[in-house]
Amino acid sequence: MKAIKIKEVIIEPVNVPLDEPFKIAIGTKYSIENALITVVLENGIVGYGEAAPLEPINGENQATVLATLNSCIDFIKGKDVADYRAISATLRSVFWAQVTARCAVEMALLDAYTRVLDIPLYQFFGGAGNKAETDYTIDIVPPETAKVNAARLAAAGYTVLKTKVGKKLTDDIDRLLAIKEGAPACGLTIDANQGYSPCEAVHFIEEMGKNNIRPILFEQPVSRYDLAGMRFVKDHTSIPIGADESVFTSADAINVVRTGCADYINIKLMKSGIIEAMDIAAIARSANIKLMIGCMLETKLALGCSVHFAAGMGCFSHIDLDPHIDPELEPFTGGPDYRAPFYTLSPDLPGVGCVKR
Ligand SMILES: [Mg+2]
């Protein structure tokens, strides 16, 4: 194919109010504070990429992402869009700590490139399928609220519900029991986001057992760096253990394989970028480790890209891509069709399929 050069690169912030406030250690987020990169090719085709930074996960925020993306403009301009791997490799070597910014660049390049090829992104990833079923997260709320929310979500069609644990054991058990009561037929996944020591995690699992609660997945029980501790937890339960914060890179995935500390790896495009996510998936599959896909606080663009990735690769046992904003406030139209709990991708929409409002 004749080279198709990138003619223009536009960087801008994306701010959209969240459905529900999102608490992190340094305060509360009331809106999605992301960044958008638009690449315009010399033939007029446009590609979009979104960076969704979350400080406690990847150490980035909107300001650092905008600064990083702005300093990439001159490097990206004039490059052939088909050379996305070479562009990504150079950016990885320079901005090694700015993964969400790099993910946005990769997303924009692949969106534009697959529009050039006139294929939807899921076909670029292998075309294994065009559907994905997501779970839905119930926040840390009082048991009564959790029960009502669980019943409402089950009635809406969700078959798997997720909640966060790791703050206070009795509260966590009460909330899990309430969710079970509200949605008895739903599978339950829990995520401690590194909140326990290995012994505390095993104790928590024992307490769940006494209450007849058996999650289908327990994500990141211990510190991201404590793979031996995670192995200890895994060795003391038959509940599948997932590595999320422990895996940002393919090297991290290899360490999970070597230590045998997890049954699942949670891929998030904002942790690894898109290209490295393909490598992580390959490592996990080769080692018989199951895959799940998760998200940060993203608009339809980055969520849609993750849906294409999961559907096209076809190797994901668990999908955690629940939207956090009112569809009316989405900065993009098009993209995946979402009828809870299913995403469906159109074979007729090239790229991610999103169009800026
Ligand atoms: Mg997680």
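Just so it is clear, the model here is predicted, and its values are computed rather than measured.

## Quick notes on the overall build of the protein
Within the protein, the secondary structure is distributed over 14 helices and 16 strands. Rg of the C-alpha trace for the protein: 20 Å, near the compact-globule value of 21 Å for 357 residues, within the 12% margin. Oriented by its inertia axes, the alpha-carbon framework of the protein measures out at about 65 × 45 × 40 Å. Looking at the protein residue by residue over its 357 residues, the buried ones come to 49%. In the protein, 74% of the contacts between residues at least 6 apart in sequence involve partners at least 24 apart.

## Comments concerning the domain arrangement of the protein
Its domain assignment divides the protein into domain 1 (6–118) and domain 2 (123–356). The straight-line distance from the C-alpha centre of domain 1 to that of domain 2 is 23 Å. Taken together, the 29 residues of domain 1 in the interface contact 28 residues of domain 2. Elements with a minimum of two residues in the side of domain 1 that touches domain 2: strand S1 (6–24), strand S2 (27–41), strand S3 (46–51), helix H1 (55–58), helix H4 (84–94) and helix H5 (99–117). Residue composition of the side of domain 1 that touches domain 2, by class: 14 nonpolar, six polar and nine charged.

## Section: the environment of Leu91
Structurally, Leu91 is set in helix H4. Measuring from C-alpha to C-alpha, the distance between Leu91 and Ala101 comes to 9.6 Å, with 10 residues separating the pair along the chain. Setting aside chain neighbours within four positions, we find Leu91 in contact with Cys72, Arg102 and Val105.

## What to know about the pairing of strand S10 (residues 264–267)
Within a regular beta strand, the side chains point alternately toward one face of the sheet and then the other, so they alternate between its two faces. Burial along S10 is two-sided: the residues Tyr264 and Asn266 and Ile265 and Ile267 are all buried. Across two bridges, strand S9 (residues 241–243) lies against S10 in parallel orientation. In the strand pairing of S10, Ala243 is matched with Ile265. Crossover S9 to S10 through helix H11 (residues 250–259) is right-handed. Across four bridges, S10 lies against strand S11 (residues 290–293) in parallel orientation. The residue of S11 that forms the bridge with Tyr264 is Lys290.

## Topic: the sheet that holds S3
Sheet strands line up and pair through hydrogen bonds in the backbone, either parallel or antiparallel. In spatial order, the strands read S1-S2-S3; together these three strands make up an open sheet with antiparallel pairing. The sheet is open, and its two borders are formed by S1 and S3, each paired with just one other strand. In this sheet, adjacent strand axes meet at a mean angle of 20 degrees when their direction is disregarded. Pairing of S2 with S3 involves six bridges; the strand directions are antiparallel. By the bridge assignment for S3, Leu36 is matched with Glu50. Running over the sheet, helix H2 (residues 62–70) touches S1, S2 and S3 and is turned about 15 degrees from S2.

## Let's talk about the sheet that holds strand S15 (residues 342–344)
Judged by pairing direction, the sheet is antiparallel, and its three strands sit side by side in the order S4-S15-S14 without closing on themselves. The outermost strands of the open sheet, each flanked by one partner alone, are strand S4 (131–133) and strand S14 (337–339). The average angle at which neighbouring strand axes cross in this sheet is 20 degrees, direction not considered. Examined bridge by bridge, S14 and S15 share three bridges and lie antiparallel to one another. Note that in S15 the partner of Arg339 across the bridge is Phe342.

## Let's talk about unusual backbone geometry
That bond from Ala340 to Pro341 is cis: its omega, 0 degrees, falls within 30 degrees of zero. Here Pro341 shows up in the loop between S14 and S15. The phi torsion at Asn212 lies on the positive side, around 55 degrees, for a residue other than glycine. In this model, Gln220 sits at a positive phi of 35 degrees, which is unusual for a non-glycine residue. Of note, Gln220 is situated in the loop between strand S8 (217–219) and helix H10 (227–235).

The rules behind these values
- Residues numbered from 1 in each chain as written.
- Predicted model: local features only at pLDDT ≥ 70, side-chain atom pairs only at ≥ 80, totals over all residues.
- Helix = DSSP H or I, 4+ residues; strand = E, 2+ residues; numbered from the N terminus.
- Rg over C-alpha atoms; globule rule 2.2 N^0.38 Å.
- Buried ≥ 20, exposed ≤ 12 C-beta atoms within 10 Å, placed from the backbone.
- Contact = placed C-beta atoms within 7 Å.
- Domains from an automatic or database assignment.
- Nonpolar A, V, L, I, M, F, W, Y, C, P; charged D, E, K, R; others polar.
- Pairing = 2+ DSSP bridges.
- Right-handed = clockwise from strand over helix to strand, strands pointing away.
- Axes fitted to C-alpha atoms, helices over the stretch in contact; angles between N-to-C directions.

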